[in-house]
Structures are given as structure tokens and as C-alpha cells.
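Understanding the architecture of this molecule
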Amino acid sequence: MMADVNIVHVPYSNQTQAVTDLLANQMQVSFDVMPTTIEYVRIGKLRALAVTTATRSPALPDIPTVGDFVPGYEASSWHGVGVPKNTPAEVVEKLNKEINAGLADPKIKARFADLGGTPLVGSPADFGKLIADETEKWAKVIRAANIKAD
């Protein structure tokens, strides 16, 4: 939308099938998460055109960002751990502490880096802000593109 490019969206039920079709030249381009495709890029079976994150990936430092060509563009995927709303604060704090400790472990950090990922550590409030910011950002895209649920 920001680049005024018309691309046909083809929904896939899983990323593996999308990558299989990309490798078989059944489609010309795909926006995918790095862990699914990074090894194919490294061995030359796929050519990365750009990363969608705001900054270049340390895993593929020579690959530009989409934002280098479309100023302001940024789209990244993330995963988080949530608990029911009324979970006691001490449980939330304990989970947060242990998850952050795990993400700080050198072996886990190295594995994330190898797959092109970056662990985001922080507080439950930081995570809440991320969710609020992402919800606002993508709600604007949905409204601007007049996207409707099927």
C-alpha cells in the first residue's frame, strides 16, 4: 500500500507449503518469516530482496530493509507469552523473570540469532505497550485497505 504496488495475496495454511511453492517457481515473491527461509537464502536457493524490519538483520547484514526503498515501512512478526487477565501479579512477575532469563541464555540467544530472530526482553508493561502499538498500527492498515473478514 505504501509503495502503491498491487500484489495478489495467496493465503497458505502453512509456511512450509508457501516456501515449497516459492522454491518450485509457483510464485515469484513471498513475504515470510526468516526462520522458514534463512537457510535457503544462505545456500543460494532463494534470493532475499529485503527484510521488513526497521533495521537490517544481523543474520543477513548485506540485505537492505524495505524501509530503505519505502520510507517508514516496517513489519515484523513477534511471539509472546500471555496469561489470563486475573492471573496473580506474583505469578506474572515470576513468569516474566524466568522467560527473560531464558532469553538471556547465550545458547538461546545464539539459536535465535542463527534463525534471524531477536529476543525481546522486557516487562509485562512493555509487552502490553507492544500489543497496543501493533494493534493501532495494523488497525490503520486494515481500515485504509478496507479489509473485511471473510
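In short, a report on the structure. Predicted, not measured: the structure shown is a model, and the values here were computed from it.

Notes on the pattern of salt bridges
Should their charged atoms come close, side chains of opposite charge can pair. Taken as a whole, this structure holds eight salt bridges when the rule is applied. As a salt-bridge pair, E74 and K137 come within 2.5 Å of each other at their nearest N and O atoms. Here E74, found in the loop between α2 (34–42) and α3 (89–104), pairs with K137, found in helix α5 (residues 124–144); they are 63 residues apart in sequence, far enough to count as distant. When its relative accessible area of 23% is taken as the criterion, E74 is described as partly exposed. Of the charged contacts, one joins D133 and K129 as a salt bridge, the two residues approaching to 2.8 Å between their closest N and O atoms. Highlighted residues: D133 and K129, both in helix α5, separated by four residues, approximately one helical turn. What makes D133 partly exposed here is its relative accessible area of 37%. Judged by relative accessible area, K129 falls into the exposed class, the value being 53%. Through salt bridges with shared partners, one network takes in E39, R42, R111 and D114.

Section: unusual backbone geometry
Residues other than glycine seldom take positive phi values, yet D4 does so here, at roughly 55°. Judged by relative accessible area, which is 72%, D4 ranks as exposed. Unusually for a residue other than glycine, N25 sits at a positive phi of about 60°. The topology assignment puts N25 in the loop between α1 (15–23) and α2. Overall, the relative accessible area of 67% leaves N25 in the exposed class.

Quick notes on the side chain of E134
Assignment of secondary structure puts E134 in helix α5. Buried within the structure, E134 lacks any salt-bridge partner; K137 is the closest side chain of opposite charge, at an N-O distance of 4.1 Å. If we ignore the near neighbours within four places in the chain, the residues touching E134 are S76 and W78.

What about α5?
Over its 21 residues, α5 extends 30 Å from the first C-alpha to the last, a length consistent with the 30 Å expected when each residue adds 1.5 Å. Once α5 finishes, N146 follows within two positions and takes phi at roughly 55°, a positive value.

How each quantity is defined
Residues numbered from 1 in each chain as written. Predicted model: local features only at pLDDT ≥ 70, side-chain atom pairs only at ≥ 80, totals over all residues. Heavy atoms only, no water. Salt bridge = Lys/Arg side-chain N within 4 Å of Asp/Glu carboxyl O. Helix = DSSP H or I, 4+ residues; strand = E, 2+ residues; numbered from the N terminus. Buried < 20%, exposed > 50% of the residue type's maximum accessible area, 1.4 Å probe, protein only. Lys, Arg positive; Asp, Glu negative; His and termini not counted. Contact = heavy atoms within 4.5 Å. Expected span 1.5 Å × (residues − 1).

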